[in-house]
Amino acid sequence: MRTTKILVLDRSEDLAAQVRGVADELRPRPEVVVCERVGAVADVLTDQGPFDVLVAGPSLGTRSGLSRLEVIHDDLPGMSLMLAFTHRPDAQLRDIVRTGAIDLVQLPIEDEGLLESLERSIALAKAHRAAEPALAGALAGAQPGAPGRVFTISSAAGGCGKTFYATNLAYFLTHHTGKRACIVDLDLQFGEVSTALRLRPRYTIFDALQRDDTDEADLRAHIEEYTVSHETGLHVLAAPKDPTEADRISPPDVTRIIEAIRSRFDYVIVDTPAALTEIVLAALDLSDELYVMATLDLPSVRNMGVFLNTLDKLKIPSDNVQLIMNKAEKDVGIDIDQVLKLFPQGFSSVLPYAREVSKSINVGTPVIAFMPNTEVSKKLAAGMASLLPDDVRARVDLAAEPARKGLFRRKAKQAVAPVQP
Ligand SMILES: Nc1ncnc2c1ncn2[C@@H]1O[C@H](COP(=O)(O)OP(=O)(O)OP(=O)(O)O)[C@@H](O)[C@H]1O
Ligand SMILES: [Mg+2]
């Protein structure tokens, strides 16, 4: 995600100094640019933008200043405009309204008040930005009615990074394609997708199933109202708030929910508990791609083998199964190359153990968005690149090493070898 940028436009340095001081308190810390020559603002906006917030100071409080702001707003409607004036401008209220300002602060102002106003302006700019890709996707002719592509993320052992991968995959797809993605948290008892993204869902999958009307068209028409959206634009259908509600959800319910979600979203990412339950199997029936994750320890690797054998017995085609090794560290007493060889179908990603993952979860942002230039983000992106349409992939600078896929994955379908570590 790019750094938040604030432009302060005023002839005096005082306002800019205060904005800088207050911005230092914000995390992630925004970049503050100052323009002291009102006449130069167009160049600054073009050369150093895009900005999230424009703070216009008292020298813009004239009629001509306000009309200049009106022109800027018309050109850049997504940038939040804050007016910071010492006294009410000598202009009609209408001229102020036309600037599109979202806040008017009276100077002098306490740091606390300015901070609150800046935070609100930044949040509004982000919300505007988040809505843009979805709009672009819609304008680009997202085919209404074509069901979305369903990805299920699974593992035999707990804590392998399913939720971590699901959130990053959803972000990656929506960010690069501008299409709509929704994560369905099927870890019904202990789902953590909303926590990992710091969301507070009002409704959950359980509420969506409580609708009186059992008509599928009705569920499809209303399913989006039960999701919660993240500032990056991705949506989440949260797991039930109470584990007892989880027990009341049946496999056919899961089928209905995924069908409804995929009628409204281009990408559906299903996060699951660490088990092959009937609930998970219902999701697999509708999945286009299945990811199976493991970490670099013997129980996890062994269970991945058992898991893949079970899929084989259940006649789930292995063509669309991708393996991911997560938290791969050197010197843990297990040779990664040996492990990789145990699975002839190869791994589509081998992701390192990285502290940035915890940091990103603490701020509720997928690590690819929060720290795109770290090794873990680059490896995630390289492994996901093949999911992008060709034209998008050509445009996107994945700036990473070549996808592991080419190194490990063999095209020929092979039987899954049992693991004998
Ligand atoms: N590559 C990584 N490097 C470091 N920490 C990681 C990595 N991947 C995941 N983690 C951390 O490991 C923990 C487990 O990850 P996560 O919750 O995504 O796993 P999970 O498979 O969803 O677990 P569960 O089975 O309990 O749902 C989290 O604290 C997460 O931050
Ligand atoms: Mg999880």
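Up top you'll find the structure we're talking about.
Cut-offs used in this document
- Residues numbered from 1 in each chain as written.
- Chains lettered and ligands numbered in written order.
- Predicted model: local features only at pLDDT ≥ 70, side-chain atom pairs only at ≥ 80, totals over all residues.
- Heavy atoms only, no water.
- Near = heavy atom within 4 Å.
- Polar contact = N/O pair within 3.5 Å; in protein donor to acceptor, adjacent residues only side chain to side chain.
- Areas by Shrake-Rupley, 256 points an atom, 1.4 Å probe, with all protein chains shown as cover.
- Helix = DSSP H or I, 4+ residues; strand = E, 2+ residues; numbered from the N terminus.
- Nonpolar A, V, L, I, M, F, W, Y, C, P; charged D, E, K, R; others polar.
- Core = buried A, V, L, I, M, F, W, Y, C linked by side-chain atoms within 4.5 Å.
- Buried < 20%, exposed > 50% of the residue type's maximum accessible area, 1.4 Å probe, protein only.
- Contact = heavy atoms within 4.5 Å.
- Axes fitted to C-alpha atoms, helices over the stretch in contact; angles between N-to-C directions.
- Left-handed = near helix turned anticlockwise from the far one by under 90°.
- Expected span 1.5 Å × (residues − 1).
- Arc of directions from axis to C-beta.

**Student:** Explain the site of ligand 1 to me, and be specific about the residues and the numbers.
**Tutor:** In the vicinity of ligand 1 lie 16 residues, with Lys162, Thr163, Phe164, Asn326 and Ala354 positioned nearest. The backbone of cysteine 160 places a nitrogen or oxygen atom 3.1 Å from an oxygen atom of ligand 1. Here an oxygen atom of ligand 1 and a side-chain polar atom of lysine 327 are 2.9 Å apart. Contact with the protein chains removes 79% of the 630 Å² of surface that ligand 1 exposes when unbound. Contributions of two or more residues to the shell around ligand 1 are made by helix H6 (162–177), strand E12 (321–328) and helix H15 (355–363). Looking at which element gives the most residues to the shell around ligand 1, the answer is H6, with three residues. Across the shell around ligand 1, the residue classes break down as eight nonpolar, five polar and three charged.

**Student:** Run through the nonpolar core, naming residues and quoting values.
**Tutor:** Within the largest apolar cluster, 39 residues are counted, with the highest numbers of intra-cluster contacts made by Tyr165, Leu169, Leu173 and Ile269. Looking at this core, the elements with two or more residues in it are strand E6 (149–155), H6, strand E7 (181–185), strand E10 (267–271), strand E11 (289–295), helix H16 (367–370) and helix H17 (375–384). Ranked by residue count, the leading element in this core is H6, at eight residues. If sequence neighbours within four positions are ignored, tyrosine 165 has contacts with Ile153, Tyr291, Met293, Ile324, Leu351, Leu380 and Met384. If you look at the next biggest cluster of nonpolar residues, it comprises 27 residues, including Val150, Ala208, Ile261 and Ala283.

**Student:** Please provide a residue-by-residue account of the packing of helix H11 (residues 251–264) against helix H12 (residues 278–285), values included.
**Tutor:** Relative orientation of the contacting elements H11 and H12 amounts to 35 degrees, with a least axis distance of 8 Å. For H11 against H12, the interelement crossing comes out right-handed. Touching Pro251, Val254, Thr255 and Ile258 of H11 are Glu278, Ile279, Ala282 and Ala283, all from H12. A breakdown of the residues in the contact of H11 with H12 according to their chemical character gives six nonpolar, one polar and one charged.

**Student:** Could you give an account of helix H3 (residues 63–75), with specific residues and numbers?
**Tutor:** For H3, with 13 residues, the first-to-last C-alpha span of 19 Å sits near the 18 Å given by 1.5 Å per residue. Along H3, the positions that sit buried rather than exposed are Gly65, Leu66, Leu69 and Ile72. Looking down the long axis of H3, one finds its buried residues gathered within 115 degrees of arc, a one-sided arrangement. H3 presents Arg63, Ser64, Asp74 and Asp75 as exposed residues on the side facing more than 90 degrees away from its buried surface. Contacts made by the buried residues of H3 are with strand E1 (5–9), helix H2 (41–48), strand E3 (53–56), strand E4 (80–85) and helix H4 (93–98).

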